[in-house]
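# Secondary and tertiary structure notes
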Amino acid sequence: MAVEFEALRAGEEQEPQGGIRADAQDGDVRGRPGGNRLLGVLRSPLGWCAATLLLLVLLLAVFAPLLWSGRADAIDTGQILQGSSGRHWLGTDNLGRDIFYRLLVATRLSIALALLATALGVATGLVLGVAPALLGRRGGRMVTAVVNVAVAFPGLLLALFFAVVFGVGAKGAVLAIGFAMAPGFARLTQTLVASLSERDYVHAARVAGVGRVRVLTRHVLPNVSDPLIVNATIGAGGALLAFSGLSFLGLGVQAPSYDWGRLLGEGLNGIYTHPAAALAPGAAVVIAGLAFNLTGEAVAKAVGVPTASWSRALRPTKSPAATPATAVVPVADDAEAPNKQPVLRVEGLRVSFPGPDGPVTAVRGVGFRVGEGEAVGVVGESGSGKSLTALAVSRLVEHPGAVDADRIEFLGTSLLTEPAHGAVNRRLLGTSLAMVFQDPMTSFNPTMRIGRQLSETAEQHLGSSRPEALSRAVERLRQVRISAAERRATQYPHELSGGMRQRAMIALALMGRPRLIVADEPTTALDVTVQRQVLRLLDRIRAADGVALLLISHDINVVAQTCDRVLVMYAGRIVEELPSDRLLSTAQHPYTRALIAAVPHMETELDRPLTVIPGRPVTPDRIPAGCAFAARCPFAQDRCRTDDPRLEMVEPGHRVACWYPQTDAEHGAAFIGERGELTAEDAELTAVDAEFIAVGAEPAAEEAGPTAEEPEPTAEEPEPLVEEGEQP
């Protein structure tokens, strides 16, 4: 949303080399981004016009009844129904009261009732909007259905209906307009909350065991507050107009009280003899409503929220339609256990999502284990199910995703015996399992300081007071080699460099007492120097505390150098598992060999095109019969296209899911020939694929679809690794 947009934009400003800011900036005021933009908008014609009108209206609402109530209520039977004159600028009513002074005095009641109705509508809409995130699936569906029905009716029709229900008078009109505004505001809130519920920093809060209410109030609502405030400000103008309409119809303010709508109704009878008595209240409604609307537009420009006047609208992102999944044979259960106490054991893991013709299975019968102090790497192309497997193990797959497994045990406790957000799972996962997401800029809450975000885990699960938790957060920042940890703890995420944000994310993972760290591509978009620092940091933590590591990466070399075992995933299942020290020499699955061959090394001949894997990865909604890799494999035979191979043991610690495993030493030889041409005739390639393979380039990104997308690298100065005791 707008706050995140500002944080991201501010984060594009590069720090000096080394990631350390000058001491002269220590005194800078650090607050929510956009303060200077607000002052700039106020200096614009729109800003000062809106501010002037709103200030004038509010001043009249406060001081007019104090100054002119006596004149407004003075009855003069000798001046009944007089037209405009020097003594009575807008004439008099049927009791001889001055209409001009009554118009000024009516400002307070008109504005107060409109703001009260707006507050009621916003509060009710906010409750209905966040209810689906608090009540769970069944209760959320009921609330959403009620909101959908209410939104289908025009707001004025709802206001008239509620006015009849609650009765004639100011109280009934406030309730009617407030409840009529609520459905639209609830729909907006639901859309905004849903758009943020899948952000990484919200997932991180859930992993830390933060409850639903606290996640909503601390991590979601602060990031959607700007568009809600803008729409509430603009809605106040609509409420003023609606309230005046009800009073005009006789359903709102009743005598002896009066507002602009009632004055308009009284003056309408004499519109042909002295029209000023009817036109002036209408002009007051227009001016006040314009003041609220222009203020909303100015606030929107200040915080960067698009409004209708910019010919843009907030639209929820639509997910591409899914097609039914092909039935698959689940993989075998776990392999022979290494000589380490298992921290995590997974068997028969399946993750599916609803499709138009049935569920789409994205993870198909995955089974593995992670021993105490062991590092297990997961590699594969985009869309192979690596991150989804990690989310399922962490119990972070939200509805409508469905997680099913024969066994998910963490530290000997089954995670399937109670709901994902149950007390046992929250307590266990919040302190003993840590998640390091691939993009720390979206993993951290942009509206909270780094130290405050880190200290939440200690407050929630370790029972620490706020000062103790903050002290622990500073200590964890020092532990991950962040210099000037006290100062960094007071900064916002956008004020740190990319490497420092990733280290802060690792510090967040260490705030509890983790036994397992799940690192989902922690070095994505980092340069090689910072990447090496982050990997060394993870290795030091694992060696010092005996923490197990599940590392997910696209880079097979990183996994081979960092981990003890490697899991190779393709099309939602594990196709090979083997020790990392034998990865480059004894890999037998053609897909694993192709991944190794596709990585250039120092001995790669510069005059030859780079090796690529032909074809496209299969998508979960189009899993073919037999082996999913058969269409891209040069060794595939008829059996590969009909029967799905199981993950079988070929030697201790080595499992392969292939009917014809390869044992020759030349990796990737069948994927590219002497001149970069394919040697296998049965690999199903298009002419475009063959052409790009011949020149050593990847196919066009727009043809590859979502599975070929890679994050864009961000320019960043390398940050030196500052060891303890050294001067930065």
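Okay, so let's go over this structure. (Residues numbered from 1 in each chain as written. Predicted model: local features only at pLDDT ≥ 70, side-chain atom pairs only at ≥ 80, totals over all residues. Heavy atoms only, no water.)

### Some words on the overall build of the chain
Regarding its fold elements, the chain presents 23 helices and 13 strands. Expressed as a percentage of the 728 residues in the chain, the buried residues total 50%. Of the contacts formed within the chain by residues at least 6 apart in sequence, a portion of 72% connects residues at least 24 apart. Of the roughly 33,300 Å² of accessible surface on the chain, 58% is carried by carbon and sulfur atoms. (Helix = DSSP H or I, 4+ residues; strand = E, 2+ residues; numbered from the N terminus. Buried < 20%, exposed > 50% of the residue type's maximum accessible area, 1.4 Å probe, protein only. Contact = heavy atoms within 4.5 Å. Areas by Shrake-Rupley, 256 points an atom, 1.4 Å probe, with all protein chains shown as cover.)

### Looking at the packing of helix H4 (residues 99-151) against helix H9 (residues 260-267)
Packing of H4 against H9 brings their axes to within 8 Å, and their N-to-C directions diverge by 135 degrees. What the angle tells us is that H4 and H9 run oblique. On the side of H4, the interface is formed by Arg 102, Leu 103, Ala 106, Thr 107, Ser 110 and Ile 111, while H9 contributes Trp 260, Leu 263 and Glu 266. Its residues assigned to classes, the contact of H4 with H9 shows five nonpolar, two polar and two charged. (Axes fitted to C-alpha atoms, helices over the stretch in contact; angles between N-to-C directions. Parallel < 35°, antiparallel > 145°, perpendicular 65-115°, else oblique. Nonpolar A, V, L, I, M, F, W, Y, C, P; charged D, E, K, R; others polar.)

### Focus: a nonpolar patch on the surface
Together, Leu 55, Leu 59, Val 62, Phe 63, Leu 66 and Leu 67 make up an exposed nonpolar region whose accessible area comes to about 590 Å². Locating Leu 59 in the fold gives a position in helix H3 (residues 45-73). Using a relative accessible area of 40% as the deciding quantity, one classes Leu 59 as partly exposed. (Patch = residues over 30% accessible without salt bridge, like charges linked within 9 Å, V, L, I, M, F, W, Y side chains within 5 Å. Salt bridge = Lys/Arg side-chain N within 4 Å of Asp/Glu carboxyl O.)

### Notes on the sheet that holds strand E11 (residues 573-579)
Taken in spatial order, the eight strands make up an open sheet running E7-E8-E9-E3-E10-E11-E13-E12, and their pairing is mixed. Both outer strands of the open sheet, strand E7 (433-436) and strand E12 (648-651), are each paired with one neighbouring strand and no more. On average, adjacent strands in this sheet sit at an angle of 25 degrees to one another, irrespective of strand direction. Bridge count for strand E10 (residues 565-570) against E11 is six bridges, and the pairing is antiparallel. The residue bridging Arg 565 from the neighbouring strand is Pro 579, located in E11. The strands touched by helix H21 (residues 590-597) within the sheet are E10 and E11, with E10 carrying the most contacts at an inclination of about 105 degrees. (Pairing = 2+ DSSP bridges.)

### Things to note about the pairing of E7
Across the two faces of E7 the burial is the same, with Leu 433 and Met 435 and Ala 434 and Val 436 all buried. Relative to strand E8 (residues 516-520), E7 runs parallel, the two being bridged by four bridges. Each bridged residue has a counterpart across the sheet, and for Ala 434 the counterpart in E8 is Ile 517.

### Some remarks on helix H8 (residues 212-248)
Compared with an ideal rise of 1.5 Å per residue, which puts 37 residues at 54 Å, H8 spans 45 Å between its outermost C-alpha atoms and falls more than 12% short. The sharpest bend along H8 measures roughly 55 degrees and falls at Leu 221, with the proline Pro 222 sitting one to four residues further on. At the C-terminal side of H8, Gly 250 shows a positive phi close to 90 degrees. (Expected span 1.5 Å × (residues − 1). Bend = angle between axes of the 7 residues up to and from the residue.)

### A closer look at the packing of H8 against H9
At a minimum axis distance of 7 Å, the contact between H8 and H9 shows a crossing angle of 45 degrees. Judged by the angle between their axes, H8 and H9 are oblique. Crossing of H8 over H9 shows right-handed handedness. Of H9, the residues touching H8 (which contributes Leu 240, Ser 244, Ser 247 and Phe 248) are Trp 260, Gly 261, Arg 262, Leu 264 and Gly 265. Considered class by class, the residues forming the contact of H8 with H9 number four nonpolar, four polar and one charged. (Left-handed = near helix turned anticlockwise from the far one by under 90°.)

### Topic: the nonpolar core
Core analysis: the largest hydrophobic core is formed by 65 residues, its most contacted members being Leu 454, Leu 477, Ile 506, Ile 517, Tyr 570 and Tyr 591. Sorting elements by how many residues they give to this core places helix H17 (residues 498-509) first, with seven residues. When sequence neighbours within four positions are dropped, the list of residues in contact with Ile 506 reads Val 436, Val 480, Val 534, Leu 537, Leu 538 and Ile 541. (Core = buried A, V, L, I, M, F, W, Y, C linked by side-chain atoms within 4.5 Å.)

### Here we look at the pattern of salt bridges
Scanning all chains against the criterion turns up 23 salt bridges. Each of Arg 345, Glu 347, Arg 407 and Glu 409 takes part in one network of salt bridges that share partners.

### A few points about the packing of aromatic side chains
Using the criterion set out here, one finds ten aromatic pairs in the structure. Ring centres of Tyr 570 and Tyr 591 lie 4.6 Å apart, and the angle between their planes is 55 degrees; on these two criteria the pair is classed as tilted. Here Tyr 570 is found in strand E10, whereas its partner Tyr 591 is found in helix H21, with 21 residues between them in sequence. A single burial state applies to Tyr 570 and to Tyr 591, both of which are buried. Here the aromatic rings of Tyr 570 and Phe 629 are separated by 5.3 Å at their centres, their planes lie at 85 degrees, and the arrangement is edge-to-face. (Phe/Tyr/Trp six-rings, centres within 6.5 Å; stacked < 30°, edge-to-face > 60°.)

### Some words on the side chain of Thr 118
Here Thr 118 is to be found in helix H4. Reaching out from Thr 118, the side chain makes a polar contact with the backbone oxygen of Ala 114 at a distance of 2.8 Å. Excluding anything up to four places from it in sequence, Thr 118 contacts Met 181, Ala 232, Gly 235, Ala 236 and Ala 239. (Polar contact = N/O pair within 3.5 Å; in protein donor to acceptor, adjacent residues only side chain to side chain.)

### Considering H21
Of all eight residues in H21, eight are buried, a share of seventy percent or more. Residues of H21 that are buried: Pro 590, Tyr 591, Thr 592, Arg 593, Ala 594, Leu 595, Ile 596 and Ala 597. Summarising the contacts, the buried residues of H21 are in contact with helix H19 (556-562), E10, E11 and helix H20 (583-586).

### What about the environment of Leu 66?
Along the chain, the position of Leu 66 falls in helix H3. Considering only alpha carbons, one finds Leu 66 and Val 105, 39 residues apart in sequence, at a separation of 8.4 Å.

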